[in-house]
Structure formats: structure tokens, C-alpha cells
Amino acid sequence: MDFDFTPQEQAFADDVEAWLVANHDPVVMDPTRENFTQLADTPERRAFMKKLANKGWLGMSWPKEYGGQEIEGIYEFILNEALARHAAPQIGKGVGIIGKTLIRHGSEKLKREFLPKILKAEIEFAVGYSEPQAGSDAANMQLKAEKVEGGWKLNGQKMWTTSAHFADWYWVGARTDPEKPKHDGLSLFLIPMDHPGLEVQSLPTIGKDTTNQVFFQDVFVPDEYLVGQRGKGFQYISEALDLERFTMFTLSPITERTRVLIEYVKEARRDDRPLKDDPNVRRLVAQIATDTAVAKALSTRFVCAAKSGSGKPPTVQSSQYKLFTTTLSQRVCKDALDICGASGQLRVDQDDAPVSGRFEGAYRATVNETVGGGSSEIQKNIIARRHLGLPKNF
Ligand SMILES: Cc1cc2nc3c(=O)[nH]c(=O)nc-3n(C[C@H](O)[C@H](O)[C@H](O)COP(=O)(O)OP(=O)(O)OC[C@H]3O[C@@H](n4cnc5c(N)ncnc54)[C@H](O)[C@@H]3O)c2cc1C
């Protein structure tokens, strides 16, 4: 199999790179924001997404009838990785998760209402699956959706909803059929984030991340804002999570950190001796460089599987990719802090911080990566069951 980009793909990658260099804006592209670089959470970052939309780079893989170009997903992969490399906001939730799920399962009304807004970068989403008693076991959601005249009344709580403090719409799973087995009793809804009865409480977390808990009190959702079929919510969420594990956990920040670390090792001195002569340092960076190459191979494998597949996201490849890259991401930062020595703890705004303090912040930011979008243990369960054919463990 040929893993190289085709001439057309390479031309697109070159185009994107040149455009990102020409449109560099340090307010928008700030690598010290680490995980949060991917969100369009400020006016400047939303304006940047509109520029991307004007280039015709949002929804390239979508069908033409919904405003897409029907070109292969590899182009979105190339774009997203380039955005991540430049620490710019990414196409993530709107195009990759909500848009693709609506195209597969949404009503014509929802497609007409939301898809054009996603393509024009006019809308930001928050995704609400997790609850106090439903994280890894997402099928255990208890947010109650009760059938009422013309729609649904929602009561309960969501946990860890990233983006709820600035998003326009909420993509939410709720229990519509409590008498059915737990996987069959869930449905998906779209709710405006400023809906009366929705209360967002901020949860500042490790690194510079902020996530939220959201409380629902008699939130009315009209029938037409139920996504797809009643009771199919868990199926849609599982498909969307396969996409999230890939689109939200890009490889470029890891390859960038690896590159920056190797440059530092080549130049820096400790106790008057070049770091590059230290055998422990050499071993660490050689291992990191090798593992980064493995991560690239896993990412290429996912893209190839997606290219040759039925259109459904490749679940096993997606889990293997997320498991490996998110643990590698943490290891790169931990090893970098070891290599930088005591001053590696200095923060990004300290003058003497090695590598401009990059790894102190990155280390904290990467802690969340092995949890969000399904923890490493859950990825291993998926691989054991779906790839190796082993029995369920719960
Ligand atoms: C920063 C951040 C942002 C997030 N953003 C969102 C968001 O926008 N929307 C959203 O819906 N959720 C979000 N989440 C929630 C995230 O998806 C959950 O935290 C995750 O699914 C784990 O669930 P939990 O925290 O309830 O832990 P639990 O499910 O209680 O797990 C606790 C521990 O037990 C392990 N474990 C659980 N079940 C098994 C099993 N069957 N086998 C082996 N080990 C197991 C887990 O791996 C973990 O180590 C976010 C989380 C974080 C930290």
C-alpha cells in the first residue's frame, strides 16, 4: 500500500500550509493554550473559522447536496493536522461530529437548519454525554426526557461539557425510554445553549482547560429537535465517538513537541556539557522519535481504513490510535521535563524557562487526553472485544 500523499493531496497540503503562514495571527494561534487551541472560543478565533469557511475548507467530504464537495476525508485530515500544527482552531465538532451524524441520521429539517451554518462557521456546539453516573458507561445516562405535547421535557444534569460556556447549541443524549434496556432507551437532542432552564456552571480543570456542569430544569425541546430515531441515541453517539477519538486528538501537536524537544537537546548545555552527549538524554529522545513515527503510522492506517471502508468510522483503528497517541503525548511531555531538569518546571511566562516553558503547560494539558473521548481502559476494552474477539468484561 502506498502511504504517500497523491500529487493532488500534496498540492492541497502545500496550499493549506502557505495559507496558514500568510494568515498567521499570534492571538489566534497560541501553542501554549495546548488542548484549548482547537476550540473557537473567542471572537478572534471565530473570525478565523469564518475565513476557513470562505476558503471552502469546511465540510469538504460532505455530499454536494448538503454544500460539501464529496472529496475524500483525507483532505479534512490534512487540513485538521495543519491547523493543529499551527495551534489554530480545528474543524472538530461541527464538521466532524455533529455535521456527519446529521448527514447520516438527521431529518431534512435539521440538515437544512444546521448544515449550512456549520459550513459558514456560524455555529459552535457543546457535546453532552457524560453525567455524574455516566462516563465510561455512557449508556447509563439518566438525564430524563419525558414526552409531553409537541415535544420533550428534560430534567437532570450533565457533567464535563466542554464548550458549554460559549457554544450556541447543545448536542445532548437523554433517556427517553427508561423501561427499555439501557442502550435502547437513549435519544439525541439539539437544544439552544441559551434555553431557559439550562444552567451552566464552570469547572476549571488541570492546565488552562475549563469544562462545565450543566443543569436542566423543565427544558422543553420540540419534537423536530430529536435527532434521527427515538431510542437510537446510543448508536449515533458510538459512531460520533469513533470520529471524536480521531478528529479531536490530532497528531501534529505531538510531532511538534517532539521536534522542539530534539532541537533543544541539540543546542542546550547542562553543567557546561552539551545535553546531546548525555547517553540517557540520547536514549530518551531516540525512543520518543521512534514512538512518534509509530503514532504517524497508526494515524496513516486509520486514514487508509477510512478511505477503503463503508463510510462508517473505523472503530478499532480509531481506538488504537487514541490509546497510543494520548499516552505517547503524556510521555513526550514527562520525558521533556526530565530532560530540561529543575528549570523545566518554570512556566511559559518566565524568562529563564527552557523551551520557552512549553513543556510545563503541555505536561498538565496532556493529563486529560487519556480520559476525554473515552479513557485508555475503555479503548483497550474496545480493542479486546472488537479486534481480538475476547468476551465483555462487564
Ligand atoms: C477535560 C475534560 C473534558 C471533557 N469533555 C467532555 C465533553 O465535552 N462532553 C462529554 O460528554 N464528556 C466530556 N468529558 C468526560 C469524559 O468523557 C469522561 O470523563 C470519561 O468518559 C470518563 O468517565 P468518568 O470521568 O465518569 O470516569 P469513570 O467512567 O467513572 O472511570 C473511572 C476510572 O475507571 C476506569 N473504568 C471505567 N469503566 C471501566 C471498565 N469497564 N473497564 C476498565 N476500566 C474502567 C476508567 O478508565 C477510569 O480510569 C470530559 C472529561 C474531561 C476530563
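Residues numbered from 1 in each chain as written. Predicted model: local features only at pLDDT ≥ 70, side-chain atom pairs only at ≥ 80, totals over all residues. Heavy atoms only, no water.

Asker: How would you sum up the overall build of the protein? Please name residues and give values.
Answerer: Per the secondary structure count, the protein includes 11 helices and 10 strands. In terms of overall size, the protein behaves like a compact globule, its C-alpha atoms giving a radius of gyration of 22 Å where 394 residues would be expected to give roughly 21 Å. If one aligns the C-alpha atoms of the protein with their principal axes, the spans along those axes are about 75 × 45 × 45 Å. Taken over 394 residues, the protein has a buried fraction of 53%. Long-range pairs, those at least 24 residues apart, make up 70% of the contacts in the protein with a sequence separation of at least 6. For the protein, the exposed area adds up to about 18,300 Å²; of that, 52% sits on carbon and sulfur atoms. Within the protein, the 53 negative side-chain charges are centred at a point lying 4 Å from the centre of the 50 positive side-chain charges. (Helix = DSSP H or I, 4+ residues; strand = E, 2+ residues; numbered from the N terminus. Rg over C-alpha atoms; globule rule 2.2 N^0.38 Å. Buried < 20%, exposed > 50% of the residue type's maximum accessible area, 1.4 Å probe, protein only. Contact = heavy atoms within 4.5 Å. Areas by Shrake-Rupley, 256 points an atom, 1.4 Å probe, with all protein chains shown as cover. Lys, Arg positive; Asp, Glu negative; His and termini not counted. Charge placed at Lys NZ, Arg CZ, Asp CG, Glu CD.)

Asker: Any details on helix H3 (residues 74-85)? Residues and values, ideally.
Answerer: Every α-helical turn comprises 3.6 residues, leaving residues that sit three or four positions apart pointing alike. Here H3 is 12 residues long and its end C-alpha atoms lie 16 Å apart, about the 16 Å a rise of 1.5 Å per residue gives. By the burial criterion, the buried members of H3 are Ile74, Tyr75, Glu76, Phe77, Ile78, Leu79, Asn80, Glu81, Ala82, Leu83 and Ala84. (Expected span 1.5 Å × (residues − 1).)

Asker: Go over the pairing of strand E4 (residues 169-175) with me, naming the residues and quoting the values.
Answerer: Most of E4 is tucked away: seven of the seven residues are buried. As paired strands, strand E1 (residues 125-128) and E4 are joined by four bridges and run parallel to one another. Looking at the pairing, valine 127 lines up with tryptophan 171 of E4. In the sheet, E4 pairs with strand E5 (residues 186-192) via seven bridges, with the strands oriented antiparallel. Across the sheet, alanine 174 pairs through a bridge with serine 187, a residue of E5. (Pairing = 2+ DSSP bridges.)

Asker: Got a sec to walk through the site of the ligand? Specific residues and values, please.
Answerer: In the vicinity of the ligand, 18 residues are found, and the nearest of them are Val127, Ser136, Trp160, Ser375 and Glu377. Contact distances for the ligand include 3.1 Å between a nitrogen atom and a side-chain N or O atom of asparagine 381. Burial of the ligand by the surrounding chains reaches 66%, relative to a free accessible area of 970 Å². Secondary structure elements with two or more residues in the shell around the ligand: E1 and helix H11 (376-387). For the shell around the ligand, the element with the most residues is H11, which contributes three residues. (Near = heavy atom within 4 Å. Polar contact = N/O pair within 3.5 Å; in protein donor to acceptor, adjacent residues only side chain to side chain.)

Asker: Run through the packing of helix H4 (residues 92-105) against helix H5 (residues 108-119), naming residues and quoting values.
Answerer: Put simply, H4 and H5 touch, their axes get as near as 10 Å, and they point 160 degrees apart. When the axes of H4 and H5 are compared, the pair comes out roughly antiparallel. Pair H4 / H5 crosses with left-handed handedness. Residues Gly94, Val95, Ile98, Gly99, Leu102 and Ile103 of H4 lie in contact with H5, whose contacting residues are Leu110, Lys111, Phe114, Leu115 and Ile118. Per-class residue counts for the contact of H4 with H5 are eight nonpolar, two polar and one charged. (Axes fitted to C-alpha atoms, helices over the stretch in contact; angles between N-to-C directions. Parallel < 35°, antiparallel > 145°, perpendicular 65-115°, else oblique. Left-handed = near helix turned anticlockwise from the far one by under 90°. Nonpolar A, V, L, I, M, F, W, Y, C, P; charged D, E, K, R; others polar.)

Asker: Describe the environment of asparagine 368, naming the residues involved and giving the relevant values.
Answerer: With respect to the element layout, asparagine 368 can be found in the loop between helix H10 (358-366) and H11. Each C-alpha atom of the pair asparagine 368 and isoleucine 206 lies 7.8 Å from the other, and the pair is 162 residues apart in sequence. Discounting chain neighbours no more than four positions away, the residues touching asparagine 368 are Asn35, Thr205, Ile206 and Asp209.

Asker: Could you give me a rundown of the side chain of serine 163, with the residues and numbers involved?
Answerer: Secondary-structure assignment places serine 163 in the loop between strand E3 (151-158) and E4. The exposure class assigned to serine 163 is buried, which follows from its relative accessible area of 1%. Separated by 2.9 Å, the side chains of serine 163 and lysine 93 make a polar contact. Those residues in contact with serine 163, other than ones at most four positions away along the chain, are Leu39, Lys93, Phe125, Ala126 and Asn212.

Asker: Please provide a residue-by-residue account of H4, values included.
Answerer: In this model, H4 (14 residues) spans 19 Å end to end at C-alpha, consistent with the 20 Å of a helix rising 1.5 Å per residue. Of all the bends in H4, the greatest, near 35 degrees, is centred on glycine 99. Of all 14 residues in H4, 12 are buried, a share of seventy percent or more. Those residues of H4 not exposed but buried are Gly92, Lys93, Gly94, Val95, Gly96, Ile97, Ile98, Gly99, Thr101, Leu102, Ile103 and His105. (Bend = angle between axes of the 7 residues up to and from the residue.)

Asker: Please set out the state of the cysteines residue by residue, giving values where relevant.
Answerer: In the structure shown here, the tally under the stated rule is zero disulfides. In this structure cysteine 333 is not part of a disulfide, and its nearest cysteine sulfur, from cysteine 340, lies 10 Å away. Assessed through its relative accessible area of 4%, cysteine 340 is described here as buried. (Disulfide = S-S within 2.5 Å.)

Asker: An account of the environment of asparagine 54 is needed here, citing residue identities and associated values.
Answerer: Residue position: asparagine 54 is located in helix H2 (residues 43-54). Overall, the relative accessible area of 70% leaves asparagine 54 in the exposed class. Remark: the alpha-carbon pair of asparagine 54 and valine 371, spanning 317 residues in sequence, is separated by 34 Å.

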